[in-house]
Structures are given as C-alpha cells and as structure tokens.
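Each chain, written out:
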Amino acid sequence: MGNIRVHIENCYGIGKLDHTFDFSQKPTVIVYAPNGMMKTSFTKTLKAYAEDRAAEDMIYTARTSTMTFDDGGTPLKKDSIYIVDADNYVPAVKSVTTFLASEELKREYDAIFAELDQALKEFYGKLKTVSQSSDCPGEIRSTFTEGGQEKTDFEIFEKILPEVRSQTHLTYDFKYNDVFDKGGKVRAFLEKNRAKLQEYFDAYQRVLTTSEFFKDINGCVFGTEQAGTVLKGLEDGTFFGVGHRLQLNGSTMIDSYDGLKAQYDSELARIVNDAAVKKAFDKIDKAIGANQSLRDFKAVLVAHNEYLTELMDYDAFQKKVWRSYLSQVLADLEALNSLYQSKKAALAEIYRRADAEQETWRRVITVFKDRFYAPFEVDVVNQRSVLFRHDDAVLKFSYKEIGNADANCKVPEPEDVLKDVLSRGEYRAFCILQILFEIEARKKKPLLIVFDDIADSFDYRNKYAIIEYIRDLQQEPNVRTIILTHNLDFYRTVYSRLGLKRTVNCLFAQKDIHSREIFLNDGAFLRNLILTWINSPSRRVVLAMLPFIRNLVEYMQPPNSPDYLRLTACLHNIKHRDPQLPITRSISVQDVLTVYHATIPRLTISPPIFSNGGNAWVEELKQEAVAIAAEQTPNETALENKVVLAMVIRLQAEAFMDDYLVRILGQQPFISTKPRFGELFDTWRKTQTTVNADVVLLNKVSMMTPEHIHLNSFMYEPLVDMSLVSLLNLYKEVMQKWTQVSF
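Residues numbered from 1 in each chain as written. Predicted model: local features only at pLDDT ≥ 70, side-chain atom pairs only at ≥ 80, totals over all residues. Heavy atoms only, no water.

1. Some details on the overall build of the protein chain
Keep this limit in mind: Helix and strand definitions follow DSSP, with helices as H or I runs of at least four residues and strands as E runs of at least two, each counted in order from the N terminus. A simple rule labels every residue: compare its accessible area, found with a 1.4 Å probe on the protein chains alone, to the largest value its type can have, and call it buried under 20%, exposed over 50%, or partly exposed in between. Should any heavy atoms of two residues lie within 4.5 Å, those residues are counted as being in contact. Where accessible areas are quoted, they stem from the Shrake-Rupley method and a 1.4 Å probe; at the residue level, only the protein chains shown are allowed to cover.
Along the backbone of the protein chain there are 31 helices and 17 strands. Within the protein chain, the proportion of its 743 residues that are buried is 49%. The long-range fraction of contacts in the protein chain, counting pairs at least 24 apart against all pairs at least 6 apart in sequence, stands at 71%. Approximately 34,800 Å² of the protein chain is accessible, and the part contributed by carbon and sulfur atoms is 50%.

2. Thoughts on the packing of helix α23 (residues 562-570) against helix α24 (residues 589-599)
Rule in force here: Helix axes use the C-alpha atoms of the stretch in contact, all axes being lines fitted to C-alpha atoms, and the angles between their N-to-C directions lie in the range 0 to 180 degrees. Throughout, the term roughly parallel applies to angles under 35 degrees, roughly antiparallel to angles over 145, roughly perpendicular to angles from 65 to 115, and oblique to all others. Handedness of a helix crossing follows the sense of rotation of the near helix relative to the far helix, less than a right angle counterclockwise being left-handed and clockwise being right-handed. Polarity classes work like this: nonpolar for Ala, Val, Leu, Ile, Met, Phe, Trp, Tyr, Cys and Pro, charged for Asp, Glu, Lys and Arg, and polar for all others, with Gly in that last group.
Contact pair α23 / α24: the axes reach a minimum separation of 10 Å and the direction vectors enclose 130 degrees. Here α23 is positioned oblique relative to α24, judged by the angle of their axes. α23 and α24 meet at a crossing whose hand is left-handed. Residues D563, R566, L567 and C570 of α23 touch α24, and the partners they reach there are D591, V592 and V595. The residue inventory of the contact of α23 with α24, partitioned by class, reads four nonpolar, no polar and three charged.

3. Re unusual backbone geometry
In the Ramachandran plot, Y12 falls in the positive-phi region, its phi being about 50 degrees despite a non-glycine side chain. Along the chain, Y12 falls in the loop between β1 (4-11) and β2 (14-21). Classification of Y12 by relative accessible area gives buried; the value is 13%. At N560, a residue that is not glycine, the phi angle is positive and equals roughly 55 degrees. Counting through the fold element by element, N560 comes out in the loop between α22 (546-556) and α23. Classification of N560 by relative accessible area gives partly exposed; the value is 43%.

4. Topic: the side chain of E468
Where we set the bar: Polar contact criterion, stated in full: a pair of N or O atoms within 3.5 Å, where within protein one must be able to donate a hydrogen and the other to accept it, and residues adjacent in sequence count only if both atoms are side-chain atoms.
Residue position: E468 is located in helix α19 (residues 460-473). A relative accessible area of 4% means that E468 is categorised as buried. Only 3.1 Å separates the side chain of E468 from the side chain of R497, close enough to count as a polar contact. Filtering out sequence-adjacent residues up to four positions away, E468 remains in contact with R371, R497 and M703.

5. Considerations on helix α11 (residues 257-272)
Structural remark: α-helix, 3.6 residues per turn; residues separated by three or four positions point the same way. Inclusion rule: What a helix is expected to span follows from its residue count: subtract one and scale by 1.5 Å. The directions from the helix axis to the C-beta atoms are what the arc is built from.
Between its first and last C-alpha, α11 extends 23 Å over 16 residues, near the 22 Å set by a 1.5 Å rise per residue. All of the buried residues in α11 are Y257, L260, Q263, Y264, E267, L268, I271 and V272. An end-on view of α11 places all buried positions within 150 degrees of arc, on one side of the element.

6. What to know about the sheet that holds strand β3 (residues 28-32)
Applied cut-off: Paired strands, in this sense, are two strands between which DSSP finds at least two bridges.
On the basis of which strands lie adjacent, the open sheet formed by 10 strands has the order β5-β4-β1-β2-β17-β16-β3-β15-β14-β6 and mixed pairing. In the strand order of this sheet, the two ends are held by β5 (74-75) and β6 (81-85), each with one partner. Taken together, the two bridges between strand β4 (residues 66-71) and β5 define a ladder with antiparallel strand orientation. Paired with D71 across the bridge in β5 is T74.

7. Overview of the pattern of salt bridges
The criterion, for reference: We count a salt bridge whenever a side-chain nitrogen from Lys or Arg sits within 4 Å of a carboxyl oxygen from Asp or Glu.
Scanning all chains against the criterion turns up 33 salt bridges. Among the ionic pairs, E476 bridges to K443, the shortest N-O distance being 3.3 Å. With E476 in the loop between α19 and β15 (479-485) and K443 in the loop between α18 (424-442) and β14 (447-452), this pair connects stretches of sequence that are 33 residues apart. For E620, the salt bridge is made with R539, and the minimal N-O distance between the two is 2.7 Å.

8. So, α23
Summarising burial for α23: seven of the nine residues are buried, a large majority. Along α23, the residues classified as buried are D563, Y564, L565, L567, T568, A569 and C570. Where α23 is buried, its residues touch α22, α24, α25 (617-630) and α26 (639-664).

9. Points about the pairing of β4
Where β1 meets β4, six bridges bridge the pair, whose relative direction is antiparallel. Following the sheet pairing, R5 is matched in β4 by D70. In sequence, β4 turns back onto β5 through a hairpin of two residues, with G72 there showing a positive phi of about 60 degrees.

10. Let's talk about the confidence of the model for the protein chain
Applied cut-off: The predictor's confidence in any single residue is recorded as pLDDT, a number from 0 to 100.
Averaged over every residue, the pLDDT of the protein chain is 81; the share at 70 or more is 81%. The weakest mean pLDDT in the protein chain belongs to helix α2 (residues 86-92) at 47; the strongest belongs to β1 at 96. Low confidence marks residues 90-96, where pLDDT is under 50. Its contacts with residues over four positions away, or in another chain, come to 14 contacts. Note on residues 407-413: pLDDT under 50 across the span, and 17 contacts to partners over four residues away in sequence or across chains.

11. Observations concerning the nonpolar core
Rules: For our purposes a nonpolar core is just a set of buried Ala, Val, Leu, Ile, Met, Phe, Trp, Tyr and Cys residues, chained together by side-chain atoms within 4.5 Å.
Grouped together as the largest cluster of nonpolar side chains are 103 residues, with contacts concentrated most on I449, Y596 and W617. Here this core takes 12 residues from α26, the largest share from any one element. Setting aside residues up to four positions removed in sequence, Y596 forms contacts with V542, L543, M545, L546, I549, L603, I605 and W617. Within the second largest apolar cluster, 74 residues are counted, among which are F123, F180, V186 and I284.

As structure tokens, this is what we get:
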C-alpha cells in the first residue's frame, strides 16, 4: 500500500495542509490534534472529495478552495474512503426501518420503504372512508390470506386487482364491521344457528324456483345477486335507450330500466314475504334479538333479508364485499399497484444483496460481543417485514442490568427505547456495530479508514476494544488507517499497542495562527509520566504501589538495575531461571520494601502491615486479591483495588501460558527479550488452531490489564473509568478457569 499525499488549501478552516502520510512501516497513522485545530475540517474536506463535491472555506468565502489526495502517484480512489465520525454518526442510524444491511443498501431500502409506505397509508385512508372498517389493513390481510401463506398487502392487491377491474360489483350500504365484526360474534352466531339459516335458505330457494324472474335450473343460478349485477350494468339507461328489449323466461317483455327495476323489486318482495320464508326469517330474527351485541347486524338484515342467503358462505361474502369496496376506489388501487410494480425489481435486488451480507453481520456480532462492552446484548434475528413480508435480518436488543448474572433480568427492548435509556457513550457502542460491518464488508478492496475521535465518550474498556480491532486491521493487506484524536492518553495507548514508529506513524498537529497552515510533526511521545501516589499505610496501597516505585527506579537507576529487575519480576510469572529476571516466588516482602525505602527514603510504613517479611511478595498480593473479591461492597473509586486485581490477573494468565508451553507441549521454559506478557501471549497463541475459550479470555486480559500495571502511561482516566465490577468479573473468571496452575 502506497503513501498518501494530501494538499489542502482554504477548506473548512484549514488554511493549508501539505503532508504525506507514510504507510511504509505500518498501515496505521495516528494524529494528535487539540480540539478546534483540524480534525473536523480534515474529515469534511475528505468527505467532499469522496462525494465528488467542491470544498469551501465557510469563513473566507472569497478564497479559492483546493484539495488533492494523491495515492502513490495517482488520485486516491473516491470509493475507497470510509470516514468514521463519532460525533455525527449517532443520528445517521436513526432511519425508517430496522432492516439490517450496509449503509448504501439501507438508504436504498428506506427510500423505497418510505415511498411505498406513505402511498399505502393514503390508500387505506380512502378505503376506510368507503368501508368504514376499523382496521382495513388487518381485515384485508386476514380475508385474502389463504393456506397460512403470508403475503404482503401489495401482493394481495396485485392478485385481486384483475377481478376488481373486470367485474361489475354490487354496492353495499352497510358498515363493514356491522357484519364482519372484529370480535367474531356474527360468525359465531351464524355457526350456532346454522340450522335456522339452512331452513331460510331452503325456503328461499323453493320460492325462487317458482319465479318468472329469478331462476335456478340444473345448477345454473340467476338469483338476487346476478339480477343486481344486471341492474347495476344497465342503470345508465343506454341499453334501453337504443331500442333494446329484454324478454324474460316466459312472455314478459321489458323495454326500460324502470320496468326491469320494478320487476326485480316485485319478485324480491314476493320471495321475502312468502309465508315459509318469512317464518324462517322470524326464527333468525328472534335469535338475533336475544343478543344485544348483534343489534347492528340485525339492522342490516332487516333492511336486506336477501343477505341471509349470502351469509351461508360467510368467507365468500366477506371477499365479495371487499371487492365491492375496492371497486369504488379502483383508480387509487391501480395507482398503488403501478407504484409497487415499479419498485419490485429494485426490492428483489436489495433483498438479494442483503441476504449475501448476513454472514458478515453475524461475524460482526461475534466480534462485538467478544470485544466491546455495553449494557445490552445484541443478536441478528430474522423478522418478517410488515410491509414487504420478506425475512429481513434485524438487530434484536436486550437490556441487561450491570453486575446481574441472572439471565432472567434481560429485558428485550426495541431500538428506539435503547436510544432513550443508553448514555451517549453506550449508544456509540451500539453504533459501532454499523461501523464494524462497513469495514468488514469493504476490506477486501483497497480501503482508507479515517477515525475522527472514535474513542471520544467511550469508556476505557471500549476504547481498548477499538484499538485491538484496529490492530487486527493492520493484518489486512488492503486497509490503511488514519486515526485523529484529541485524547493524549488514547494517543499514547495506540502508539504502544499497535507498535507504531514515533517518527513515522505518530504525528502531532500544530497550527500557524496567522496563515492557518497545519503542520503534522513527528510525535513528541511522552512515554514516561511520573505520577504521584497517595502515601497510605494500608497493606493494599503498599502492594499497589509496586508499578509506580518500579517506574521511579527506572528513572533513578541505570538501565536494568537489580532493583528494577526485581520489581519487574514481581509483575511477571518467572518460574524458571532467566538470564536477567529472578524467580518471582523467591522475592520476599522484605526484598521489595527495601527497594521502596531506598527509592523514597521518606516513605514510612508504620506500624508494620506485613506479619512476616520473609513471605513471598506475590503470595501477599494473591491474598489481597482474594480479600478484595470477598468484600460485599468493594470501593469502586479506590485505585489500589484495581491495580492489585490487574497484577494478579496477569500473573495468573502468565502462569497458565507457561504451564501450557512447558507441561502440555514439552517446550523449553519461555525466555523473553521483549515486554514479557505480549511476547508470551504471541508464542502461546501460535499453538492454538481455533478461537477457543482460553484465547477469548486471554484477549480480555490483554485488553483490560496493561495500563493498570504500566503506570508510566497513567493519567488517572484509565483506572477511574474502568469498572471495578469488570475487573472483579475478569479476576474470578481467570481464577476459576485456570485452577490447575498457580503463580
């Protein structure tokens, strides 16, 4: 991957920036810049370039803005740029749907969803006016869903539109829910009184066979429904107006619409007033009268006795009524279907591409669970889209009370509820999911990622998780990363954990206040920061002071002095003879306290807080960690608690790895020439072929303990922000997992 030369003039507050980012040593460059100097201006300019827009100077608008991004002699590819802006990313995920996809697909999906959803809502508003149904969408779906096969509203309308379009439909003047009520009381009544309904139907049919107008001959029926359809088709008068006539099955000749209507009404009245028919209807009417909740249904039947024959097949009548309603808004239905047809191909393509992304999402969720902390659990689930009836992948969240191991305390929450209850930092942990996906999905091609204060507002555990993830990205051959930050502690941590070169990969931004030119100079990395520690007589504080005293010894004595090596050995599990470091358990309490007093003569530990100065120092440390874990309410703000736990956690982790290499694999004792934990972990990790439970646990140890031990990088924030509960949980997990070894 080549170097990137940036030349910017008069762009969003940057007067001038001319710099070549050097990726020859490492694919990561970190830039420390105080707030207000250049981070936002730089990302705005790069975003304008990526979107092929002209940049501008918002203050000095008359000045010409120029920007050049050169990648090894050719223009940087615009589609290779991905900017992660922590401050402005939060609102970006608040979109129309929870459809899980890349940003590009989600934007396309949401745009189609919004347009179709709005059109559907408007159509249902018009349909409600016609039908007076209390739930048009629900009734349409339940009426036209057959065989348990779910269909979208659009698919339903697409299927029944030809019938609505081609047939003539009767107009029903009753309210839909008077006959097809939500509670199912009408249906239940009809089922209960099926015999009475059948008696009415049989009597009705007998009278029908004697009619000159209505007929039922060998299964060929011309009844009230068919006659009504004919009437509706002829009501404009044009058929008779041109001289046509109708001859009934007999001698009667009809030559006008009024004559046809009179014949229809006369025959219908004769049927419903027939003694047998009327007697059967009275039985039904009496049964309805005993049920006050059916009074609206009764009113419909009193006005239209003939509907009783239709109600013999309740479901078929229900569909017929809906087709009638739809015929009254046919133009709107046609428009809705046309819109849907214009979007079908695009939706199918989005679904195809989204389906291909789902494995990446599941991989991202695994990374998130293993590395990041948030007070919620997240999983990918399939959820039927209400609008499209497609198995969309969505994120399912469960809020979990911190420190509560009870699985029953997890509370499922929709995304919008989480937005209200999570802190800004916790919500950014949620947003990191989308960021991880974008990177995972795009890293197979050349990719320049620019992180703009990505760790801002995160707690330290998630800051370390981000760093570890960026460290993994350094192994990707197509990925280069620029990290912009105003957090000096984060800057130093990235430098040390990613193994960056101070004069190549670490930059400090400075600004000429007159010309507004930005200069990116070699990082003035402050590796050793002398910190003060509260002088306390407590046993726990004295144990926790060891890393601080070791740093002072490093300043005051020659490199690798006996005192420095002795204290260093207390921080590592040295069980076998080492060219430099003494055996850890050979170092006594008195040995350590002698170094303490020689380094800080005024330090007085009185009265004696250790019963036997000959005891092994690490044994005292181990006992103190046990005491911390046993406390009912350990002091969250006591830094000594966290330092003691961190030292014991790492000692136990080293003991496990040493034991595995020597006892299990039969290798020679591990001897390190570099920072021991990191090299030991890398050596042990190469023996593991899978990401097993031990790998996951040691990753946690690596992420959560180093900055507690190497206090030369200490600025208080790491220990203050790191939850004691998290360290206690890690301590318990380590001690319970690796019980077969001891340091």
